[in-house]
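Single-letter residue listing:
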Amino acid sequence: MYNRKPPFEDGFFPMKRIGSDDRDMVDLKHLARMIWRRRNIIILSTVLCGLLAFILVSQITPTYTAQSSVMLDPRKSQVTIGPEVVSDLDISDQVVVSETSVIQSNILIESVINQIGFARLENLDPANAPPSIKSRIKSFLRTLGLGKTPKPVTAEQAERNKIERLVYVIRKNLKVRREGKSFVISIIATTENPELSMILARTIAEKYIEQQLETRQNVAKQATAWIEDRLKILRKELEEAQAAGVRTRMANLAADGTSLQSISQQLFELTTKLSDAQAERTIAEAGLKQLQLIVQEKGITKAGTLLTSPQLEVLNGERVKLTIEDGVWARNYDETHPSRKRLRSQIDVIEAEMTSEVEKIIEQRKGEVQLAQAREASIQQNMDRMQERVISISTNELDQEELQRKTNSARLAYEQLLNRLTETRSQEQLQKADARIIEQATIPGAPSAPRPKLIAVLGAMLGMAIGFGTVFYLELSSASYRSEDDIENDTGLPVLASLQAGEWDNPVDSYLDVMYAPNSEYAERVRQLRTSLLMQVPSKKAQTILVTSSTPNEGKTTTTLNLASMIAKSGKSVVLVDCDLRRSGLAKEFGWDMTHGLSDYLDDACDLQDAIYSDTHMPFDILTSNGSHAQTVDALSKDKLAEMMRMLEQVYDVVIIDSPPILAVSDALMLAQAVDSVVFVVRWHETPKQAVKKALSMLSDARSRPAGIVFNMVDPKEYSTEFVGGYSYEE
């Protein structure tokens, strides 16, 4: 009875439904129902944020915006023949950006302040605003002698400070932008006074045009003055250059005794000789290096065989002859034979002579290299002296040519600058600005900011986004299971059936509903559970099933009753054993008048057959207690349970046990070891995930593996993918 298979011997076996492994699939209906269920959160967040935004924006002081526009004129007019002293702007994206920076510069804004006057700008001065809390605290501390007393300032410094404050405020409230890809620049001023906004926008545009024109005129005047001063300097430089040229020509005629052409011809001939000498020296060095390399790698004797010399050829021939003769003697005699010793001595003498001859040839080659190097050095010295003369003569001629060029350049610069002076004086009176005003600012008729309606709508949209985010967060962070995929992926156990919630007050109502509506969707789901369980042990005559859960109130007893009813309808004899001795209430709910019960049997007060109760209106028998019998819990021992199960299996085809919750009491763990199948009930959107995992872990420690999970009390509206509506026989 207790030889149960360890729960993780084969591992949990998730039995996936077709299509259940597509975790990225979005169920739009489920999503819509989820949003509808929590719609109050979204509505409340939307209304609150929109109302809050409207209230906050209503407290802000309205501001008015005025706009002037200037256009950089790309058209160029040419009045004078020569180039302009101040060139027109070559308009590009970089130039437009630069001009926008000029409009916002403190120099231009200060000129605008001076033109408008302090009186009209008093409301913009931060010093005239009500003191801030920080300023009040500092003032209070100064009255107590704790703060620093501000240093007195002069009238000039006070005026400068005021200008800087106004520049800061105007720049802060000024926006200069380029209109698209055009050459139009918009000047937008924003203040709390509509008339002041108009004055600022107009004055800035006018001052910008005026500043451009003044800058061009000043540059033209400076150019004229510079040209006049430069003409005086050029006249003096021209006179000095002419005098220096005359002196240089006379000195060169006296110093040079020959022509540059003759010296150049001699230098060419020396260059040819030097090339020949370098070639000879290179050949000699290469031959010597090759000979030294042969001697180093193969020895002097081998070098002697490679060199072409009459003496070496004779010696090498004799050496070969003696070597051959020694080879003939070597066929019959070893090296100690007198003839071979004589031949070896003669060969050594010849090799010594060859070595001496090779060394003489090497010394000869070295001498040839030194001679070639000396000849090359001599020619090089002659060339160096000749080059010095060429350089000297060339330098003199270059100096003379340089002086002539300077003279010509000074004359040309003087003449060009004299002509340029005439043109510059004419251009002083023809300057015009590079931009022109195309739109004058007007007094705004309505505030530009804030916009209460728009801000309220944006606030409501933000609130709606927050509401949706909150809904999704609550849904994704749920601590309970809401789908079969979630629980199967989390536990590794198959979901045998999903039973929807019904409008029942107690298990009796549910049982009666199934009895009187046997073709309802709930009843079909119970049949699905029955089929799954009975197919697991098809060859065994009797089957024992334990229905348990992790916590109370998960619909375990209701599931047990309906499962027993469906199995009995399939033609099997069934007994339902209520082992929840602490909270047994079936007898009371069904109104059974029981003489004995399970508690009596465990206390040995009656036999097992006397404890079993049969209701004529029910297709199965009941083994339960009449009320709570907590004192009988300890009587439910392992041996007693084994005896009871053995006796029941002899009488009934299926024994279904309703056990207490696993996390509440330990009875369920002992019961799980005595049955064939364990059915684990999990309440939809109610049972904590941690409770399910803890209970399954305890079953695993008890070496019991659940056959699967019953997903109980599922809301069919929330979980429509699993419930397709009632399916019954046509009448």
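These numbers were taken from a predicted model, which means no experiment stands behind them.

Rules behind the numbers
- Residues numbered from 1 in each chain as written.
- Predicted model: local features only at pLDDT ≥ 70, side-chain atom pairs only at ≥ 80, totals over all residues.
- Heavy atoms only, no water.
- Helix = DSSP H or I, 4+ residues; strand = E, 2+ residues; numbered from the N terminus.
- Buried < 20%, exposed > 50% of the residue type's maximum accessible area, 1.4 Å probe, protein only.
- Contact = heavy atoms within 4.5 Å.
- Areas by Shrake-Rupley, 256 points an atom, 1.4 Å probe, with all protein chains shown as cover.
- Phe/Tyr/Trp six-rings, centres within 6.5 Å; stacked < 30°, edge-to-face > 60°.
- Arc of directions from axis to C-beta.
- Polar contact = N/O pair within 3.5 Å; in protein donor to acceptor, adjacent residues only side chain to side chain.
- Pairing = 2+ DSSP bridges.
- Axes fitted to C-alpha atoms, helices over the stretch in contact; angles between N-to-C directions.
- Parallel < 35°, antiparallel > 145°, perpendicular 65-115°, else oblique.
- Left-handed = near helix turned anticlockwise from the far one by under 90°.
- Nonpolar A, V, L, I, M, F, W, Y, C, P; charged D, E, K, R; others polar.
- Core = buried A, V, L, I, M, F, W, Y, C linked by side-chain atoms within 4.5 Å.
- 1 Å grid on protein atoms, 1.4 Å probe; cavity = no way out; pocket = protein on both sides within 12 Å on 5 of 7 lines; lining within 4 Å.
- Points joined across faces, edges and corners; volume = space filled by probe spheres on them.
- Patch = residues over 30% accessible without salt bridge, like charges linked within 9 Å, V, L, I, M, F, W, Y side chains within 5 Å.
- Salt bridge = Lys/Arg side-chain N within 4 Å of Asp/Glu carboxyl O.
- Right-handed = clockwise from strand over helix to strand, strands pointing away.
- pLDDT = per-residue confidence, 0-100.

1. Notes on the overall build of the chain
Here's step 1: When helices and strands are counted, the chain shows 21 helices and 12 strands.
Here's step 2: Looking at the chain as a whole, 40% of its 731 residues qualify as buried.
Here's step 3: Considering only contacts in the chain between residues 6 or more positions apart, those separated by 24 or more positions represent 83%.
Here's step 4: Accessible surface, the chain: about 42,100 Å² in total, of which carbon and sulfur atoms supply 54%.

2. Points about the packing of aromatic side chains
Here's step 1: Overall, the coordinates contain five aromatic pairs when judged by the stated rule.
Here's step 2: Look at Y511 and F620: their rings are 6.1 Å apart centre to centre, the planes differ by 90°, and that puts the pair in the edge-to-face class. With a gap of 109 residues between them, Y511 in helix α13 (residues 507-516) and F620 in the loop between β8 (613-614) and β9 (621-623) connect regions that are remote in the sequence.
Here's step 3: Under the relative-accessibility criterion, F620 is labelled buried at 2%.

3. Considerations on α13
Here's step 1: Among the residues of α13, P507, V508, S510, Y511 and V514 are the ones counted as buried. Axial view of α13: buried residues confined to an arc of 165°, hence all on one face.
Here's step 2: Each element contacted by the buried residues of α13 is listed here: α14 (521-534), α15 (556-569) and α16 (586-590).
Here's step 3: For α13, the side-chain oxygen to backbone nitrogen distance between the N-cap and V508 is 3.0 Å, and the N-cap itself is N506.

4. Looking at the sheet that holds strand β2 (residues 174-178)
Here's step 1: Judged by pairing direction, the sheet is antiparallel, and its four strands sit side by side in the order β2-β3-β1-β4 without closing on themselves. Among the strands making up the open sheet, the edge pair consists of β2 and β4 (435-439). Adjacent strand axes in the sheet meet at a mean angle of 25°, parallel and antiparallel pairs treated alike.
Here's step 2: With four bridges joining them, strand β1 (residues 64-72) and β4 adopt antiparallel strand pairing. What sits directly across from M71, in β4, is R436.

5. Observations regarding the sheet that holds strand β11 (residues 677-683)
Here's step 1: Taking strand neighbours across the sheet as the criterion, the eight strands line up as β5-β12-β11-β6-β10-β7-β9-β8 in an open arrangement whose pairing is mixed. Either end of the sheet is taken by a strand with one partner, and the two such strands are β5 (495-500) and β8.
Here's step 2: In this sheet, strand β12 (residues 708-714) lies alongside β5 in parallel orientation, the contact comprising four bridges. Bridging across to β12, V495 finds its partner in I709.
Here's step 3: Against the sheet, α14 touches β5, β6 (543-549), β10 (654-658), β11 and β12, its axis set at about 165° to β5.

6. So, the environment of P450
Here's step 1: Looking at the secondary structure, you find P450 in the loop between β4 and α11 (452-476).
Here's step 2: When the C-alpha atoms of P450 and Y64 are compared, they prove to be 9.6 Å apart, with 386 residues separating the residues in sequence.
Here's step 3: Once you skip the residues sitting within four places of it in the chain, P450 turns out to touch V57, I60, T61 and P62.

7. A look at the packing of helix α2 (residues 39-58) against α11
Describing two packed helices takes the angle between their axes plus the distance from one axis to the other.
Here's step 1: Between α2 and α11, whose axes approach to 7 Å, the crossing angle comes to 150°. One finds that α2 runs roughly antiparallel with respect to α11. The two elements α2 and α11 cross, and the hand of that crossing is right-handed.
Here's step 2: For the contact of α2 with α11, the residue count by class is 15 nonpolar, seven polar and no charged.

8. Notes on the nonpolar core
Here's step 1: Core analysis: the largest hydrophobic core is formed by 45 residues, its most contacted members being V577, L598, L623, M644, L648, I657 and F680.
Here's step 2: With five residues, the top contributor of residues to this core is helix α20 (residues 667-672).
Here's step 3: Apart from the residues within four sequence positions on either side, I657 is in contact with I545, L546, V547, V577, C579, M645, L671 and V675.
Here's step 4: A564, L586, W592 and M618 belong to the second largest nonpolar core, which has 36 residues in total.

9. A few points about the layout of surface pockets
Here's step 1: Its boundaries defined by the atoms lining it, the second largest pocket holds a volume of some 670 Å³.
Here's step 2: As for the second largest pocket, its lining consists of 33 residues, of which P507, N553, G555, K556 and T557 are closest to the centre.
Here's step 3: Put simply, the parts of the chain that give the lining of the second largest pocket at least two residues each are α13, α15, α16 and β12.
Here's step 4: Counting residues per element, the lining of the second largest pocket draws most heavily on α15, at three residues.
Here's step 5: Classifying every residue of the lining of the second largest pocket gives 11 nonpolar, 12 polar and 10 charged.

10. Let's talk about unusual backbone geometry
Here's step 1: You will see that D604, though not glycine, has its phi angle at about 60°, which is positive.
Here's step 2: Structurally, D604 can be placed in the loop between α17 (598-602) and α18 (608-611).
Here's step 3: On the basis of relative accessibility, which here comes to 58%, the residue D604 falls in the exposed class.
Here's step 4: Look at R703: it is not a glycine, yet its phi comes out positive at around 60°.
Here's step 5: Examined against the element boundaries, R703 turns out to sit in the loop between α21 (689-701) and β12.

11. Looking at a nonpolar patch on the surface
Here's step 1: Residues L454, I455, V457, L458 and M461 make up a contiguous nonpolar surface patch of roughly 420 Å² in combined accessible area.
Here's step 2: Locating V457 in the fold gives a position in helix α11.
Here's step 3: Classification of V457 as partly exposed rests on a relative accessible area of 45%.

12. Overview of the pairing of β12
Here's step 1: In terms of residue burial, β12 counts as a mostly covered element, since six of its seven residues are buried.
Here's step 2: Bridge count between β11 and β12: five bridges; the pairing is parallel. Within the sheet, the bridge partner assigned to V681 lies in β12 and is V710.
Here's step 3: Taken together, β11, α21 and β12 form a β-α-β motif whose crossover is right-handed.

13. Here's the deal with the confidence of the model for the chain
Here's step 1: With 83% of its residues at a pLDDT of 70 or more, the chain has an overall mean of 81.
Here's step 2: When the criterion is pLDDT under 50, residues 1-21 qualifies, and its contacts beyond four places in sequence or with other chains add up to 47 contacts.

14. Things to note about the pattern of salt bridges
Here's step 1: Going through the model one piece at a time under the given rule, you end up with 14 salt bridges.
Here's step 2: The closest approach of N and O atoms between E524 and R527, which form a salt bridge, is 3.1 Å. Of the two residues, E524 and R527 both sit in helix α14, three residues apart, roughly one turn of that helix.
Here's step 3: The class for E524 is partly exposed, based on a relative accessible area of 31%.

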